[in-house]
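A closer look at the structure
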Amino acid sequence: MIDAAPHDPRPPIRVLLAEDQVLVRDSLKVLIDSTPGMTTVGEAGTGAEAVILARRQRPDVVLMDVRMPDMDGIEASRHICADPANAGVRVLILTTFDQDEYVYASLRAGASGFLLKSATATELLAAIHVVASGEALLAPTVTRRLIADFLRDPHPAPAVRDLNDITQREREVLTLIGKGMSNSEIAEHLHLTVGTVKTHISRLLAKLHARDRAQLVIAAYEGGLITVPDGRR
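Residues numbered from 1 in each chain as written. Predicted model: local features only at pLDDT ≥ 70, side-chain atom pairs only at ≥ 80, totals over all residues. Heavy atoms only, no water.

**A look at the nonpolar core**
If you look at the biggest cluster of nonpolar residues, it comprises 24 residues, and the most contacted ones within it are Ala18, Val62, Met64, Ile80, Val91 and Ile93. Elements that contribute at least two residues to this core include exactly strand E1 (13-18), helix H2 (47-57), strand E3 (61-65), helix H3 (73-82), strand E4 (90-95) and helix H4 (100-108). With near-sequence residues (within four places) excluded, Ile80 lies in contact with Ala50, Val51, Ala54, Val62, Met64, Asn86, Val89 and Val91. With 21 residues, the next largest nonpolar core counts Leu174, Ile201, Leu216 and Ile226 among its residues. (Core = buried A, V, L, I, M, F, W, Y, C linked by side-chain atoms within 4.5 Å. Buried < 20%, exposed > 50% of the residue type's maximum accessible area, 1.4 Å probe, protein only. Helix = DSSP H or I, 4+ residues; strand = E, 2+ residues; numbered from the N terminus. Contact = heavy atoms within 4.5 Å.)

**Observations concerning the sheet that holds E3**
Read from one edge to the other, the open sheet built from five strands follows the order E2-E1-E3-E4-E5, with strand pairing classed as parallel. A strand with exactly one partner marks an edge of an open sheet, and here the two such strands are strand E2 (38-44) and strand E5 (113-116). When strand polarity is set aside, the average angle formed by the axes of neighbouring strands in this sheet is 25°. Sheet topology note: the E3/E4 ladder contains five bridges and is parallel. Counterpart to Asp65 in the pairing with E4 is Leu94. (Pairing = 2+ DSSP bridges. Axes fitted to C-alpha atoms, helices over the stretch in contact; angles between N-to-C directions.)

**Details of the side chain of Asp65**
Relative to the helices and strands, Asp65 resides in strand E3. A polar side-chain atom of Asp65 sits 3.4 Å from a polar atom in the side chain of Lys117. Ignoring any residue separated from it by four or fewer positions in sequence, one finds Asp65 in contact with Ala18, Glu19, Asp20, Gly73, Leu94, Thr95 and Lys117. (Polar contact = N/O pair within 3.5 Å; in protein donor to acceptor, adjacent residues only side chain to side chain.)

**A word on the pairing of E1**
Burial analysis of E1 places five of its six residues in the buried class, which makes it a mostly covered element. In this region the chain leaves E1, passes through helix H1 (residues 22-33) and returns to the parallel neighbour E2; the handedness of that crossover is right-handed. Relative to E3, E1 runs parallel, the two sharing four bridges. Paired with Leu16 across the strands is Val62, a residue of E3. (Right-handed = clockwise from strand over helix to strand, strands pointing away.)

**A word on the environment of Ser118**
Structurally, the position occupied by Ser118 is in the loop between E5 and helix H5 (121-132). The exposed category is assigned to Ser118, whose relative accessible area is 64%. Counting along the chain gives 22 residues from Ser118 to Thr96, while the straight-line C-alpha distance between them is 7.1 Å.

Here it is as structure tokens:
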């Protein structure tokens, strides 16, 4: 007798597609629905529809295009991420345009990741997994660009984040996150396991009331952990 395939007890990652081009949306739907452990739970052709469907379906991940009618993807992301009912919803921006203004605006709106449409199917599926797990899809280069943008722009001046409630080790981890290091790089630098680093990050997220890694980068800057040669944070 042939043994049955082991059953995966984990629920599938629920994805909402927000894309105004029907052909692209259909292709994404086929890809996601044919991938074990993932399923689509809705399709939106405008930013306004995405906001409504996100609240109704509570997906794990919203795959969000930037340029859409009625309301663009960045504004839709801002509405979705600001809604307390969507506390568990993560937004992954998918766009043709690799421009700083889109990266920064997306992250400020609360998005957890930014991916180009030139990415491969494998890269897209991996990105969905990363964002669904609660991490931010931020390459070190993007993280450094984000920090540099905050340093260049004095308006408005950043609030000083209170870091009194975090431990010395958590402060070290937060500093390295702010410098754009990955979990494995932080683990190697501090001589910790990756699992221990993830535990510290989970505690930082809770203590600093941050949604994800992108907001931890901002907290590191606001808390004065990131410095530049002229002495400014």
